[in-house]
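One letter stands for each residue in the lines below.
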Amino acid sequence: MPRHETHAEAGLAAERGARWDGLLVNARLATLDGAEGYGDGIAGAPGTGLSPAGALGWRDGRIAFAGPAAALPARPDELAIEVIDAGGDLVTPGLVDCHTHLVFAGDRAAEFEQRLGGASYEEIARAGGGIVSTVRATRNASEDELLAQSLPRARALLADGVTTLEVKSGYGLDFASERRMLRVARRLGDALGIDVRTTFLGAHALPPESAGDAEGYIDAVCGWLPRLHAEGLVDAVDAFCERIGFSDDQTRRVFEAARALGLPVKLHADQLSDGGGAALVAAFGGLSADHVEHTSPAGVRAMAAAGTVAVLLPGAFHVLRETTLPPIDAFRAHGVPMAVATDCNPGTSPLLSLRQAMQLACTHFRLTPAEALRGATVHAARALGLDDRGRLRAGLRADFVRWRVREPAALCYWLGGDLVHSVFAGGRRMA
Ligand code: DI6
Ligand code: FE
């Protein structure tokens, strides 16, 4: 016993060890822990599964109990140090944003105006704007400047319920700048107390100094990867496989470099045209194919066979005023899990709310609100290769959100607004 501790305090400490850290009661609990719908309720009836009188207990950062309060093993105050009455509010898993480019410098509001004036995204990119203009700004920013500019964006996502965030590199396009981006991504997680997963996207665009030498640039990218990985900066590897990005063969070379290190892959696939990207990433057992607006039936079948998640990015679809919808019905028919993410980036998706992305997925892609919520939780976690979150179940991470609404559909119904009551990550209140 430490010298100044009384017996009463020591007894309390022992009791604290035994009891849960916290317990929410009187919650409408959407556990997302079932094959469909909002929870583990009635099979075959999407939209069901909500526990109307639910309880959620946690201890040491993990969920200790999630289910109907009637099934609690004892009285709430005997079970937990802190008991919170949720007043009938909806409680869901913490949201998982599985595709963002939110570390960058500057913005591209001027390009937005150009597009409104009639220029297309591809035209702007080919004229030296687009991704490359953000590369210039990002290269010129110090690590601290990049952190200062990126932190408010990450904070906005957290404030709307995100507890796990993926961040890609890809605006550095040289070793030092890619490394700086990935370091900033890690620092964001430390600063906000949420989990940030990093993805190396060196093959995002051809930097100006490599013009005419895409092959040489890909060689360089494949050489940087082991060095960045050795520094613990890479959780996965991505590429932009597109007419204005990199070819199939170039993408394959990047994936082979990832495979040699045991790193999982994912791909910006079939966003602006069907380049066979979905089938390519599936052939590598990839975690996800992202965008997938132009994915062919063969691509969908390959994803289904490989267990590759379709990451839907309705923010980019909306901003670019695309008209070709991803093959949603085919994904459903083949049982391809659909995730929803913000794609937060300065060019095609300056979107700072995952809940807003869910809203867009419902309005543009006709996802049901239950599909959209699954897409931003359990399927998004899977798209990151994580099985310890995205659902509310004993043993998983205590990442959850208490919302100021009662029905899950309300999350997809409101455009904007402040619906979050509180956000917990690893059992600690973060917003
Ligand atoms: N597809 C996208 O939507 C983003 N990157 C990509 O490969 C856009 C990135 C940008 O325009 O800055
Ligand atoms: Fe993207």
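Position numbers for residues start from 1 in each chain and track the written sequence from start to end. Chain A is the first chain written and ligand 1 is the first ligand written, with later ones labelled in order. Only residues with pLDDT of at least 70 are given local features in this predicted model, and only at 80 or more are side-chain atom pairs given and counted; all residues enter the totals for whole chains, interfaces and linings. Each side-chain value is worked out from all heavy atoms of the structure, with water and hydrogens disregarded.

K.L.:
Lay out the pairing of strand β11 (residues 288-291) in plain terms, naming residues and giving numbers.
P.N.:
In this sheet, β11 lies alongside strand β10 (residues 266-269) in parallel orientation, the contact comprising 4 bridges. Residue pairing for β11: Lys-266 is matched across the bridge by Ser-288. If you view a crossover with the strands going away from you and the path from the first strand over the helix to the second runs clockwise, you call it right-handed. Numbering of helices and strands runs from the N terminus, with a helix taken as a DSSP run of H or I at least four residues long and a strand as a DSSP run of E at least two residues long. Note on the crossover from β11 through helix α11 (residues 297-306) to strand β12 (residues 309-312): the handedness is right-handed. Paired strands, in this sense, are two strands between which DSSP finds at least two bridges.

K.L.:
For the site of ligand 1, give the residues involved together with the corresponding values.
P.N.:
Here, proximity means that at least one heavy atom of the residue falls within 4 Å of the molecule or strand. In the neighbourhood of ligand 1, 14 residues make up the surrounding shell, with Arg-108, Tyr-121, Tyr-171, His-204 and Thr-348 lying closest. Here a polar contact is taken to be a pair of N or O atoms separated by no more than 3.5 Å, where protein atoms must pair a possible hydrogen donor with a possible acceptor and residues adjacent in sequence count only if both atoms sit in side chains. The separation between an oxygen atom of ligand 1 and a polar side-chain atom of Arg-108 is 2.7 Å. Contact between ligand 1 and Asp-343: an oxygen atom at 3.2 Å from a side-chain N or O atom of the residue. For the accessible areas, the method is Shrake-Rupley and the probe is 1.4 Å, while residue cover comes only from the protein chains on display. Protein contacts shield 100% of the accessible area of ligand 1, which totals 320 Å² for the unbound molecule. Only protein atoms enter the 1 Å grid, on which a cavity is a set of points fitting a 1.4 Å probe that cannot get out and a pocket is an open set with protein on both sides within 12 Å along at least 5 of 7 lines, lining residues being those with an atom within 4 Å of a point. Assignment of a molecule to a cavity or pocket requires that more than half of its atoms lie within 2 Å of the corresponding grid points. In this structure, ligand 1 is accommodated by the largest cavity.

K.L.:
Tell me about the packing of aromatic side chains, and name the residues and values.
P.N.:
Geometry of aromatic contacts follows a simple scheme: Phe, Tyr and Trp rings, the Trp one being its six-membered ring, pair when their centres are within 6.5 Å, and the pair is stacked under 30 degrees between planes, edge-to-face over 60, tilted otherwise. Inspection of every chain in the model, using the stated rule, returns 10 aromatic pairs. Both rings, one in Trp-20 and one in Phe-65, keep their centres 6.3 Å apart while their planes meet at 20°; by these two values the pair is stacked. Here Phe-65 lies in strand β3 (residues 62-68) and Trp-20 lies in strand β1 (residues 20-29), a separation of 45 residues in the sequence. Both rings, one in Tyr-413 and one in Trp-414, keep their centres 4.9 Å apart while their planes meet at 70°; by these two values the pair is edge-to-face. Working definition: with a 1.4 Å probe on protein chains only, accessible area under 20% of the residue-type maximum means buried, over 50% means exposed, and in between means partly exposed. Judged by its relative accessible area of 57%, Tyr-413 is exposed. Through a chain of ring-to-ring contacts, the aromatic side chains of Trp-58, Phe-400 and Phe-424 assemble into a single cluster. Above the face of the Phe-104 ring, Arg-153 is positioned so that its terminal group lies 3.6 Å from the ring centre. Between Arg-227 and the ring centre of Phe-175, over which it is positioned, the NZ or CZ distance is 3.8 Å. Two thresholds decide whether a charge sits over a ring: the Lys NZ or Arg CZ must be within 6 Å of the ring centre and within 35 degrees of the ring normal.

K.L.:
I'd love a proper account of the coordination of the iron ion (ligand 2), names of residues and values included.
P.N.:
For Na, K and Ca the donor cut-off is 3.2 Å, while for other metals it is 2.8 Å, and in both cases only N, O and S atoms qualify; water is not among them, so sites may look incomplete. Around the iron ion (ligand 2), the protein contributes the donor atoms His-99 (NE2), His-101 (NE2), His-268 (NE2) and Asp-343 (OD), at 2.1 to 2.3 Å from the metal centre. Think of it this way: with four donors and all angles in the 85 to 135 degree range, the site is tetrahedral; with four or six donors, opposite ones beyond 155 degrees and the rest between 65 and 115, it is square planar or octahedral; otherwise it is irregular. Considering all 4 donor atoms around the iron ion (ligand 2), angles at the metal cover 83 to 170° and the coordination shape is irregular. In the primary sequence, the donor residues of the iron ion (ligand 2) line up as H-x1-H-x166-H-x74-D. Of this pair, His-101 sits in the loop between β6 (95-97) and α3 (109-116) while Asp-343 sits in the loop between β13 (338-340) and α14 (354-365), and the two are 242 residues apart along the sequence. Pair check on accessibility: His-101 and Asp-343 agree, each one buried.

K.L.:
Outline the domain arrangement of the chain, listing residues and values.
P.N.:
Splitting the chain by domain gives domain 1 (7-93 + 391-429) and domain 2 (96-383). Each of domain 1 and domain 2 has a C-alpha centre, and these two points are 31 Å apart. If you look at the interface, domain 1 gives 28 residues, while domain 2 gives 21 residues. Taken together, the connections running from domain 1 to domain 2 amount to 9 residue pairs in polar contact (both at pLDDT 80 or more). Elements represented by at least two residues in the side of domain 1 that touches domain 2 include exactly β5 (90-93), β14 (400-403), α17 (409-413) and β15 (420-425). As annotated, the domain borders come from an automatic or database domain assignment. Residues are treated as being in contact if the distance between any of their heavy atoms lies within 4.5 Å.

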